[in-house]
Amino acid sequence: MQKPRVFIARRLALDPRQVLGAGVEIDLHDSESALPRAELLRRAHESSGLVATLADKVDGELLDAAPRLRIVANHAVGYDNVDVPACTRRSVWVTNTPDVLTDATADLTWALILALARRLREGERLLRSGGFSGWAPTMLLGRELRGRTLGIFGYGRIGQAVARRAEGFGMRVLFNTRGGGVSFEELLEESDVLSIHVPLSTQTRHAFGPAELLRMKRGALLINTARGPIVDEAALVAALAARHLGGAGLDVFENEPAVHPGLAGRDDVVLLPHLGSATQEAREAMARIALSEVERVLRGERPLHAVNEVP
Ligand code: GLV
C-alpha cells in the first residue's frame, strides 16, 4: 500500500523525521524561499497532509489540486493565508500553532517599542559610520516609557503577554478587544504607544487608515507585529511624513515581503523581516506542533489545535 505523503512547503527548524514516523512519505521543500505557485500546486497534488507557512496561499485552487488532502497544518498562529471555509467544505482540517510563540512575539514587540523610544537605529548607525565623537548631554534624546500609556489592539494571548511586560516599564495599559476594554476611539486617542495584536480578517484589514491614524495622539508610536494589511501603509507613510505620528515599529508589511518605499528611508521607523516568532525554541515548537497534527489526522485522530470542525 502506498504511504500517505506529507508535503512540507518550507525548511523547518527541526528534522521532520523527529516527529513523523516511517508510515508516511515526506516531500520537503528544504529551502527558506517560498515555492512558486505552480510548484506548490504540483507538489500538493499527491499529498494527504500539508505543512504550510503564512506565505503559502491555501485556497480553493490549491485544494482542488490536492484531492487527497486531509489536513493543512499552518506553521503559524495566524491563518489568514488559509481559506478555512473552503477547507471545511472539503473535509480538510486546518490547524495552527498557538501558545508556543506568544512570549517570542511579545518580546519582539518590546524590542520594537524600546528601539523606537530610545532611537537605537540612529545611535547604532552613528557609531558604525564613525560619527560618534564622544558623549554629549543633548545627543539622540529619546523618550521615557514610565507613566505613558500603552494601548493594545486585540487582547488575546500575545496582547496579554505584551501587557504583562508593560508593568515592568511602569506603563499604564489600555486595551481594546471584541469582548471589552476601552473603545477603539479611546484607544487611538489615549495611547502613547499603540501595539497591534489582532488577527487579519475582513474586519481588521486597514483598521488603521488615514482617519484612525489622524485620531491617534500626536507623536504616538505605532507597533505592528501582527499582520501588515491591518495598517494602510500609504496612510502610515503620510502620517509619519506629516510628523503626526512619532514613529512606527513594523515586523509585518502590507505587501510582504515588499516594503512601502516611503518607509525604508525614514529614521523614525524600525523595520524587521517578520521575526516575531523567530527564536530557536518557538520555531522548533511550531514545527513540532504542525507535524504532530499531520500525524494525528493521518492516524484518523482529531487534531489538538484545529481552527475548523470537520465532520
Ligand atoms: C506568524 O506571523 C504567525 O502567525 O505565527
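No experiment lies behind these values; they were computed from the predicted model shown.

Definitions and cut-offs
Per chain, residue numbering runs from 1 following the sequence as it is written. It should be noted that, the model being predicted, local features are given only for residues of pLDDT at least 70 and side-chain atom pairs only at 80 or more, the latter also being counted only at that level, while totals for whole chains, interfaces and linings use all residues. Excluding hydrogens and water, the side-chain values take into account all heavy atoms of the structure. Detection works on a 1 Å grid of protein atoms alone, calling trapped sets that fit a 1.4 Å probe cavities and calling open sets with protein on both sides within 12 Å along at least five of seven lines pockets, with lining residues defined by an atom within 4 Å of a point. Grid points are joined across faces, edges and corners, and a volume is the space filled by probe spheres set on the points. When residues are grouped by polarity, Ala, Val, Leu, Ile, Met, Phe, Trp, Tyr, Cys and Pro land in nonpolar, Asp, Glu, Lys and Arg in charged, and all others, Gly among them, in polar. A pair of strands is treated as paired once DSSP finds two or more bridges between them. Each helix is a run of H or I in the DSSP string that is no shorter than four residues. Each strand is a run of E no shorter than two, and both are numbered from the N terminus. The contact rule is simple, with two residues in contact once any of their heavy atoms fall within 4.5 Å. In this analysis an axis means a line fitted to C-alpha atoms, helices contributing only their contacting stretch, and an angle means the value between N-to-C directions, from 0 to 180 degrees. Only residues above 30% relative accessible area that lack a salt bridge enter a patch, with like-charged residues linked at up to 9 Å and the nonpolar side chains Val, Leu, Ile, Met, Phe, Trp and Tyr linked at up to 5 Å. Using a 1.4 Å probe, accessible areas were evaluated by the Shrake-Rupley method; residue-level cover was limited to the displayed protein chains. Any Lys or Arg side-chain nitrogen found within 4 Å of a carboxyl oxygen on Asp or Glu counts as a salt bridge. Think of it in three bands: residues with accessible area under 20% of the maximum for their type are buried, residues over 50% are exposed, and the middle band is partly exposed, with areas taken using a 1.4 Å probe on protein chains only. Only buried Ala, Val, Leu, Ile, Met, Phe, Trp, Tyr and Cys residues count toward a nonpolar core, and they belong to the same one when joined by side-chain atoms within 4.5 Å. Whether a crossover is right-handed comes down to one check: with the strands pointing away from the viewer, does the path from the first strand over the helix to the second run clockwise; if it does, it is right-handed. Residue ranges labeled as domains rest on an automatic or database domain assignment. Simply put, the buried area is the total loss of 1.4 Å probe accessible area from both parts when two parts are fitted together.

**Structural notes on empty space enclosed by the protein**
- For the coordinates displayed, the defined rule picks out 1 cavity of 30 Å³ or more.
- Within this model, the largest cavity holds a volume of roughly 30 Å³.
- In terms of lining residues, the largest cavity is bounded by Asn224, Gly228, Val231, Glu233, Leu236, Leu250, Val252, Phe253 and Glu254.
- Here the lining of the largest cavity is composed, by residue class, of 5 nonpolar, 2 polar and 2 charged.

**Observations regarding the sheet that holds strand S6 (residues 149–153)**
- Strand order in this open sheet of 7 strands is S8-S7-S6-S9-S10-S11-S12, and the pairing throughout is mixed. At either end of the open sheet lies a strand with only one pairing partner, and these are strand S8 (180–181) and strand S12 (269–271).
- Sheet analysis places strand S9 (residues 193–196) next to strand S10 (residues 221–224), joined by 4 bridges and oriented parallel. Bridge assignment links Ile196 to a residue of S10, and that residue is Asn224.
- Packed onto the sheet, helix H4 (residues 102–117) meets S6, S9, S10, strand S11 (247–250) and S12 and runs at close to 155 degrees relative to S10.
- The sheet strands contacting helix H9 (residues 233–241) are S10, S11 and S12, and the helix crosses S11 at an angle near 145 degrees.

**Here we look at a nonpolar patch on the surface**
- Together, Leu127, Phe132 and Met139 make up a nonpolar patch on the protein surface, roughly 280 Å² of accessible area in all.
- Along the chain, the position of Met139 falls in the loop between helix H5 (120–128) and S6.
- According to the relative accessible area criterion, Met139 is partly exposed, its value standing at 32%.

**Digging into the nonpolar core**
- Ranked by internal contacts, the top residues of the largest apolar core, which has 30 residues, are Phe153, Phe208, Leu222 and Leu236.
- Secondary-structure elements contributing two or more residues to this core are helix H7 (184–190), S9, H9 and S11.
- Element by element, the count of residues in this core is highest for H9, at 5 residues.
- Dropping the residues within four chain positions of it, Leu222 is found in contact with Leu194, Ile196, Phe208, Leu213, Met216, Val231, Leu236, Leu245, Gly247, Ala248 and Gly249.

**A word on the pairing of S11**
- A two-sided burial pattern is seen for S11, the buried positions comprising Gly247 and Gly249 on one face and Ala248 and Leu250 on the other.
- Note: S10 against S11, 4 bridges, orientation parallel. Considered in S11, the bridge of Asn224 is made with Leu250.
- Note that the unit made of S10, H9 and S11 has a crossover that is right-handed.
- By the bridge criterion, 3 bridges tie S11 to S12 in an arrangement that is parallel. From the neighbouring strand, Gly249 faces S12, where its bridge partner is Val270.

**Observations regarding the domain arrangement of the protein**
- Here the domain parsing of the protein yields domain 1 (5–99 + 280–298) and domain 2 (102–271).
- If you average the C-alpha positions of domain 1 and of domain 2, the two centres end up 32 Å apart.
- Contact residues are listed per partner, giving 8 residues for domain 1 and 7 residues for domain 2.
- Summing both partners gives a buried area of about 570 Å² for domain 1 against domain 2, and 48% of it is carried by carbon and sulfur.
- Among the residues of domain 1 in contact with domain 2, Leu54, Asp80 and Asp99 are the three that bury the most area, contributing 68% of the side total.

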